[in-house]
Amino acid sequence: MNNEGDLLQEDARDEDNETEAHRMNKLRRTRKEVTKPQISSTEIGEMDISNSKDNTRDSTQIPTAPQLSSRMKHIKQEMAKNHLQFVRFEATDLHGVSRSKSIPAHFFQEKVIHGVFMPRGYLELIPNPKDNEVDHIRATCFNSDIVLMPELSTFRVLPWAERTARVICDTFTVTGEPLLTSPRYIAKRQLSQLQDCGFSLLSAFIYDFCIFGVPEIINSKTISFPASTLLNNHDQPFIQELVDGLYHTGANVESFSSSTRPGQMEICFLPEFGISSADNAFTLRTGVKEVARKYNYITSFFIKTEFCNSGILSHSLWDVGGEKNVFCSSSSGAKQITITGEKWLAGLLKHSAALSCLMAPAVSCRKRYSKESKDQKESVPAMWGYNDNSCAFNIKCHGEKGTRIENKLGSATANPYLVLAATVAAGLDGLQSSDGVSAGPDDDSTELYQSKSSEIPLKLEDALVALEEDQCLRQALGETFIRYFVAMKKYELENEETDAERNKFLEYFI
């Protein structure tokens, strides 16, 4: 009977392999390069006008006139119903922090058509830009304007802001070209390439953040007034308002709990297809701060101590219609993942050094990589495992969500759009290559392998070198973005001591 069961499992796995082989052949025929779209400033940008909850893939279609008219009619009804006075046009900067301009509600339709202008430097420079900062990056167009074009499907009334709504924007030059350093544009471009290969991504972020009581006086060097550990029933009005507010902005919270440190909270989102998971994370990063201030708290995703707030991306790969999880094997057993999943994982491992630069983009974020090691090392191995939360890449096959991979390299300070984009880029490269996957820490008998061991640099300087030398991610994310990102991080490293003294980044990420 055992032999018969083994044969049935082998037959089921062979069927999976045949369908995956067909998909792999299609993938190899797909062009690796994505042509830059040229979009005029009178168009509305790459808007997804359908309901994101009903969407099973990321849409990049420009809406027709009737669709735009229908969407605007619905928004006008919402604005009248809620007596809105202002609408925020929000865009992410390179750090994942919201930069916005608020528009009086009666100008909204005009701004939808023509966009809202903003200095380019707001999105591309680090906080409090100075002249020498611009010289360091050696760019010629920081003083030019860019255009914020709203994606109308993201229009939401903000429960935590009085008579105000927000809409997430894509960014363009005044001549209508996408801003090549825009993290959201880069993420949408990678999702589009994934869709061209016959796949869609279902993903969700899991975030830690810290809650501080507001002191009477905050000096220039420290903010060190953590609230008591938040249990599920502690300060319930704050938690309820936050979770309910996120729901009304389209970001569905699956669970929340106190985390491992005093004043530290963990919040998990429900998985969604396409760009929505990153939009939800982007919404949280601003929303939680606004709600906290109503309760005389300060929240921050950045911390300078020995521990770090994590930002995990849990994700799975589905067919383009969102009907089948292609990580799920029909074989029984707790440790089963398809060949597609193995190849995707191989890509994550292969590019883990460069990924870590984007996912742990500050010096303090990288300390946790070596927290279990007593030796002074330059790097640590990138580990993977089944249901092992200590690994950088944790494969979970249990639960109603099916097989999924948790990318645990990230910190909460990382830009969620860059995390999503880089993960997709690395996974796609794994699908297109012939590399296997190395053995997990507790699975010496596995048949998976990897030709070269992956190492995660412990120093940010080394991670920047790894990012610059990773040709796959350079091509996927774009040379322009890589140049700006690396220059920004080098400047931060040069000014690390000064910035630490005046709490620059803690204030920025509050």
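See above for the structure.
Sequence order sets the numbering: in each chain, residues are counted from 1 along the sequence as written. Per-residue local features of the predicted model are confined to residues with pLDDT of at least 70, and side-chain atom pairs are confined, for both listing and counting, to 80 or more; whole-chain, interface and lining totals are unaffected and use all residues. Processing note: side-chain calculations cover all non-hydrogen atoms of the structure and skip hydrogens and water entirely.

1. As for helix α8 (residues 276-294)
Here comes step 1: Only runs of H or I of at least four residues qualify as helices and only runs of E of at least two qualify as strands under DSSP, and these elements are numbered from the N terminus. Between the first and last residue of a helix there are one fewer steps than residues, each counted as 1.5 Å, and that sum is the expected span. For α8, with 19 residues, the first-to-last C-alpha span of 27 Å sits near the 27 Å given by 1.5 Å per residue.
Here comes step 2: A large share of α8 lies buried, amounting to 17 of its 19 residues.
Here comes step 3: Just downstream of α8, N296 is the residue with a positive phi angle, here 65 degrees. The classification of residues rests on relative accessible area computed with a 1.4 Å probe and restricted to protein chains. Under 20% of the type maximum is buried, over 50% is exposed, and intermediate values are partly exposed.

2. Some thoughts on the environment of F199
Here comes step 1: Within the secondary structure, F199 sits in strand β7 (residues 199-213).
Here comes step 2: Sequence spacing of F199 and V320 is 121 residues, and the spatial spacing of their C-alpha atoms is 4.4 Å.

3. Quick word on the packing of helix α7 (residues 236-248) against α8
Here comes step 1: Contact geometry of α7 with α8 gives a least axis separation of 10 Å together with a crossing angle of 145 degrees. Two packed elements cross with a definite hand, and for α7 against α8 that hand is right-handed. Residue-level inspection shows F238, E241, L242 and L246 of α7 in contact with α8, the latter providing T283, L284, G287, V288, V291, A292 and K294.
Here comes step 2: Under the grouping applied here, Gly and all other residues not named as nonpolar or charged are polar, the nonpolar ones being Ala, Val, Leu, Ile, Met, Phe, Trp, Tyr, Cys and Pro and the charged ones Asp, Glu, Lys and Arg. The residue makeup of the contact of α7 with α8, split by class, is seven nonpolar, two polar and two charged. Between N-to-C directions, angles cover 0 to 180 degrees, with each direction set by a line fitted to C-alpha atoms, over the stretch in contact for helices. For a crossing to be left-handed, the near helix must be turned anticlockwise from the far one by less than a right angle; the clockwise case is right-handed. Residues count as neighbours in contact if any of their non-hydrogen atoms are within 4.5 Å of one another.

4. Observations regarding the packing of helix α12 (residues 460-469) against helix α14 (residues 479-494)
Here comes step 1: Where α12 contacts α14, the axes come no closer than 11 Å and their chain directions differ by 170 degrees. The angle between the axes of α12 and α14 places the two elements in the roughly antiparallel class. Note on packing geometry: the crossing formed by α12 with α14 is left-handed. Taking contact as the criterion, the partners of L460, E461, L464, L467 and E468 in α12 are, on α14, I482, F485, V486, K489, K490 and L493.
Here comes step 2: Grouping the constituent residues of the contact of α12 with α14 by class yields seven nonpolar, no polar and four charged. Note on angle classes: values under 35 degrees are labelled roughly parallel, values over 145 roughly antiparallel, values of 65 to 115 roughly perpendicular, and the remainder oblique.

Everything listed here is a matter of geometry and, on its own, says nothing about what the molecule does.
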